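Architecture at a glance
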Amino acid sequence: MKVIMEKDLLRANTDQAEQNRELFNKNNVSVINMISSPGSGKTTLLEKSADSLRDYNIGVVVGDLYTARDAERIEKAGLHAVQVNTEGMCHLNSSMVARAVKELPLEQLDLLFIENVGNLVCPVNFDLGEHTRVAVLSITEGIDKPSKYPGIFRDAGTTVINKIDLLPHLDFDLDTCINEIKQINTGTNIFVTSTTTKEGLDEWCSWLKSITKGNGQEA
Ligand code: MG
Ligand code: ZN
């Protein structure tokens, strides 16, 4: 019985996700679902990318368990932000996103980020209507994240390996990590970034620019 109910739930989610995607396509906005563990640096990455993307109109749906802190930071960086509090739920679903985007000037946007709740497991099962997924992995999380949570790395068109400035302080082999990700997903884009030293941010932002305005299908 439980299995059937979960299937129904997922089907309802997928139906709403298709409607979201239609709405996004109609408004010519490219949509990225960002998935990571808590503390990987998603919000800071968006804040620090805002400056390079100032010629574009960008919206962010910020999923969080309870607070509005991340949305406030994003607004300060000059992006349009809408907070979704999931009241403890560990992922966003497509109806939450449908409600949230009503608060955004979708017709003006070039790019919309959906910052999912920090969690590497169940967000993977919930299509939100995005065009592509970005997995963010901080090197502080250790080298075994991709092999422990292959679902997200398999799905993600792009992986960002973040906080690379901490490399000298950690026992983390970057090449091994990249190879593991490529073994799980041969076609994924990989960006290696630091929001402190700005390493890799130009490449990341160039890619973002390349997928704006309806170019959101997998680059
Ligand atoms: Mg955040
Ligand atoms: Zn969940």
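This text gives an overview of the structure that appears in the document. (Residues numbered from 1 in each chain as written. Chains lettered and ligands numbered in written order. Predicted model: local features only at pLDDT ≥ 70, side-chain atom pairs only at ≥ 80, totals over all residues. Heavy atoms only, no water.)

1. Details of the pattern of salt bridges
For the record, the criterion: One side-chain nitrogen of Lys or Arg within 4 Å of one carboxyl oxygen of Asp or Glu is enough to make a salt bridge. Numbering of helices and strands runs from the N terminus; a helix is a DSSP stretch of H or I covering at least four residues, while a strand is a stretch of E covering at least two. Throughout this description, buried means an accessible area under 20% of the type-specific maximum (1.4 Å probe, protein chains only), exposed means over 50%, and partly exposed covers the range between.
Across all of its chains, the model carries 10 salt bridges by this definition. Note that Asp 8 and Arg 11 form a salt bridge whose closest N and O atoms lie 3.6 Å from each other. Here Arg 11 and Asp 8 lie together in helix α1 (residues 2-26), a separation of 3 residues that amounts to about one turn. A salt bridge links Glu 141 to Lys 145; the nearest nitrogen and oxygen atoms lie 3.1 Å apart. You'll find Glu 141 and Lys 145 in the same group, each marked buried. Counted as one network, the salt bridges with shared partners bring together Glu 18, Arg 21 and Asp 127.

2. Topic: the nonpolar core
Put simply, the test is: Definition of nonpolar core: a set of buried residues of the types Ala, Val, Leu, Ile, Met, Phe, Trp, Tyr and Cys, connected through side-chain atoms within 4.5 Å. Whether two residues are in contact is decided by their heavy atoms: any pair within 4.5 Å suffices.
Ranked by size, the top nonpolar core spans 25 residues in total, and within it Ile 32, Met 34, Phe 113, Val 134, Trp 204, Trp 207 and Leu 208 carry the most contacts. Elements supplying a minimum of two residues to this core: β1 (30-36), α2 (42-49), β2 (58-64), α3 (69-76), β4 (111-115), β5 (132-138) and α8 (201-210). A total of 5 residues in this core trace back to one element, the largest contributor, which is α8. If sequence neighbours within four positions are ignored, Ile 32 has contacts with Leu 111, Leu 112, Phe 113, Ile 114, Glu 130, Thr 132, Val 134, Trp 207, Leu 208 and Ile 211.

3. Details of the sheet that holds β5
So the rule is basically this: Strand pairing is assigned whenever DSSP detects at least two bridges linking the two strands. Between the N-to-C directions of two axes lies an angle of 0 to 180 degrees, each axis being a line fitted to C-alpha atoms and, for a helix, fitted only over the stretch in contact.
Ordered by their spatial adjacency, 7 strands build an open sheet running β3-β2-β4-β1-β5-β6-β7, and the pairing between neighbours is parallel. Each edge of the sheet is formed by a strand with only one pairing partner; in this case those strands are β3 (80-85) and β7 (189-192). On average, each strand axis in the sheet is inclined to that of its neighbour by 20°, with strand direction left out of account. By the bridge criterion, 5 bridges tie β1 to β4 in an arrangement that is parallel. Across the sheet, residue Ser 30 finds its bridge partner in β4, namely Leu 111. In the packing of α3 onto the sheet, the strands contacted are β2, β3 and β4, and the crossing angle to β3 comes to about 180°.

4. With respect to the coordination of the zinc ion (ligand 2)
So the rule is basically this: Any N, O or S atom lying within 2.8 Å of the metal counts as a donor, with the limit raised to 3.2 Å for Na, K and Ca; because water is left out of the atom set, some sites can appear incomplete.
Note on the zinc ion (ligand 2): its protein donors are Cys 90 (SG), His 91 (ND1) and Cys 122 (SG). The metal-donor distances range over 2.0 to 2.2 Å. Sequence positions of the donors to the zinc ion (ligand 2) reduce to the motif C-H-x30-C. Here Cys 122 lies in the loop between β4 and β5 and His 91 lies in the loop between β3 and α4 (94-101), a separation of 31 residues in the sequence. By relative accessible area, which is 8% here, His 91 ends up buried.

5. Overview of the coordination of the magnesium ion (ligand 1)
Protein-derived coordination of the magnesium ion (ligand 1) comes from Thr 43 (OG1), Asp 70 (OD) and Glu 115 (OE), at a distance range of 2.1 Å. Along the chain, the residues donating to the magnesium ion (ligand 1) are arranged with the sequence spacing T-x26-D-x44-E. Of this pair, Thr 43 sits in helix α2 while Glu 115 sits in strand β4; the two residues are 72 residues apart in sequence, bridging distant segments of the chain. The pair Thr 43 / Glu 115 is uniform in exposure class, with both members buried.

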